[in-house]
Amino acid sequence: MINDNNFDINDKNAIVKDSCNVCPRGCNISRYDSIGYCKSKGLRIARYGLHYWEEPCISGKEGSGTIFFSGCALRCSYCQNYEVSQLSKGYNISVNDLINIFKELESLGANNINLVTPTHYIDYIIKALDIYKPKIPVCYNTSGYESIASLQRLSNYIDIFLVDFKYFDNDLALKLSKAQDYPQIAKSAIIKMRELIPQDIYNDKGIMVKGVIVRHLVLPNLIDNSKNIISWVKDNLGSNTVLSIMNQYTPFGKAVGDSVIGRKVKPIEYKIVVNYAIKCGFENSYIQEDSSADECFIPEFFGTIQNEE
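Just so it is clear, the structure is predicted and the values come from calculations on it, not from any experiment.

Moving on, we get to the nonpolar core. Core analysis: the largest hydrophobic core is formed by 81 residues, its most contacted members being Ile-67 and Tyr-78. If we skip the residues at most four places from it in the chain, Ile-67 touches Ile-45, Arg-47, Tyr-48, Leu-98, Ile-101, Phe-102, Leu-105, Ile-113, Asn-114, Leu-115 and Val-116. Judged by nonpolar contacts, the second largest core, of eight residues, contains Cys-139, Ile-160, Leu-162 and Ile-213.

In structure tokens:
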């Protein structure tokens, strides 16, 4: 396990010092001297290891080599990993530590290196991948809140985009994630991802080695939001797109007791959304059982809460 003892916060060479504008928030601050909207300072992770609960073409039997990064550019009121995403629970590492994690996950037989919530660490990730490119695919697991400029920078580094498309409505995005511009940004980002990786490619085990998967988490009382997203994906990427319709929503944090999203998704709601995707011609789709909406699927995270002082 990598830990804080391997990282010297005073080593400026271990930290990207330029003003940070890698995500759509555009904080324009030094990540060495300050904490941005993402609640992150330096390079910080909460967990890494083999993960078996991604889409089958990502995890397979061997597992996906996931690295859960601390902090996030969104403020989702229902986030199940609140301490990690919004309080930046975790521990600081260096770029060399990140490279060693890549190598360790490879040695464990991972199908891929799965970078979870990596957006605000693009500078560090590119620096690491310039030094060492894993022999297995690198998967960029993102909320969809991405700048086109940053995605372009990733064009020679990322093999798979595993991207969320959360909201079609600006007011909903503002209310639930404090990002009113999310729908427009996610649309542009997903189109760019498909442009960068135009074809889905699998190995002989059915594991994706190149491609784009669009994920959508169905939310209670918001079936129209889901239908609008599915229609958009069909119209802009085609119904042959790999679509993952997720049924794992469980109220957390501020969502508990909310009049709209304060409960789990009803089976009939999820069924309506899945049937709509089928009607739209999506054959390469993943669906989930009701049992996926359970806290037991949330991994245990390690480290401390980020000190903002």
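For the rest of this paragraph, the subject is helix 9 (residues 267-279). The end-to-end C-alpha separation of helix 9 is 18 Å, in line with the 18 Å expected for 13 residues at 1.5 Å each. Those residues of helix 9 lying buried are Glu-269, Tyr-270, Val-273, Val-274 and Ala-277. Taken end-on, helix 9 shows its buried residues confined to a sector of 130°, consistent with a single buried face. Facing away from the buried side of helix 9, by more than 90 degrees, are the exposed residues Pro-267, Ile-268, Lys-271, Ile-278 and Lys-279.

Of note, Asn-28 is a non-glycine position whose phi angle comes to about 55°, a positive value. For Asn-28, the position within the fold is in the loop between strand 1 (19-20) and strand 2 (29-30). The exposure class of Asn-28 is partly exposed, given its relative accessible area of 47%. A positive phi angle is found at Thr-117, which is not glycine, with a value near 55°. Mapped onto the secondary structure, Thr-117 falls in the loop between strand 6 (113-116) and helix 4 (122-131).

Relative orientation of the contacting elements helix 7 (residues 182-196) and helix 8 (residues 223-237) amounts to 40°, with a least axis distance of 11 Å. Viewed along their axes, helix 7 and helix 8 adopt a mutual orientation that is oblique. In this structure, helix 7 meets helix 8 at a crossing whose hand is right-handed. Counting all contacts with helix 7, which are made through Lys-187, Ile-190, Ile-191 and Arg-194, the residues of helix 8 involved are Trp-232, Asn-236 and Leu-237. Its residues assigned to classes, the contact of helix 7 with helix 8 comprises four nonpolar, one polar and two charged.

Positionally, Ser-88 belongs in the loop between helix 2 (82-85) and strand 5 (91-92). Taking relative accessible area as the criterion, Ser-88 reaches 0% and is therefore assigned buried. Only 3.1 Å separates the side chain of Ser-88 from the backbone oxygen of Lys-39, close enough to count as a polar contact.

Calculation notes
Residues numbered from 1 in each chain as written. Predicted model: local features only at pLDDT ≥ 70, side-chain atom pairs only at ≥ 80, totals over all residues. Heavy atoms only, no water. Core = buried A, V, L, I, M, F, W, Y, C linked by side-chain atoms within 4.5 Å. Buried < 20%, exposed > 50% of the residue type's maximum accessible area, 1.4 Å probe, protein only. Contact = heavy atoms within 4.5 Å. Helix = DSSP H or I, 4+ residues; strand = E, 2+ residues; numbered from the N terminus. Expected span 1.5 Å × (residues − 1). Arc of directions from axis to C-beta. Axes fitted to C-alpha atoms, helices over the stretch in contact; angles between N-to-C directions. Parallel < 35°, antiparallel > 145°, perpendicular 65-115°, else oblique. Left-handed = near helix turned anticlockwise from the far one by under 90°. Nonpolar A, V, L, I, M, F, W, Y, C, P; charged D, E, K, R; others polar. Polar contact = N/O pair within 3.5 Å; in protein donor to acceptor, adjacent residues only side chain to side chain.

Taken by themselves, the reported measurements are silent on function.
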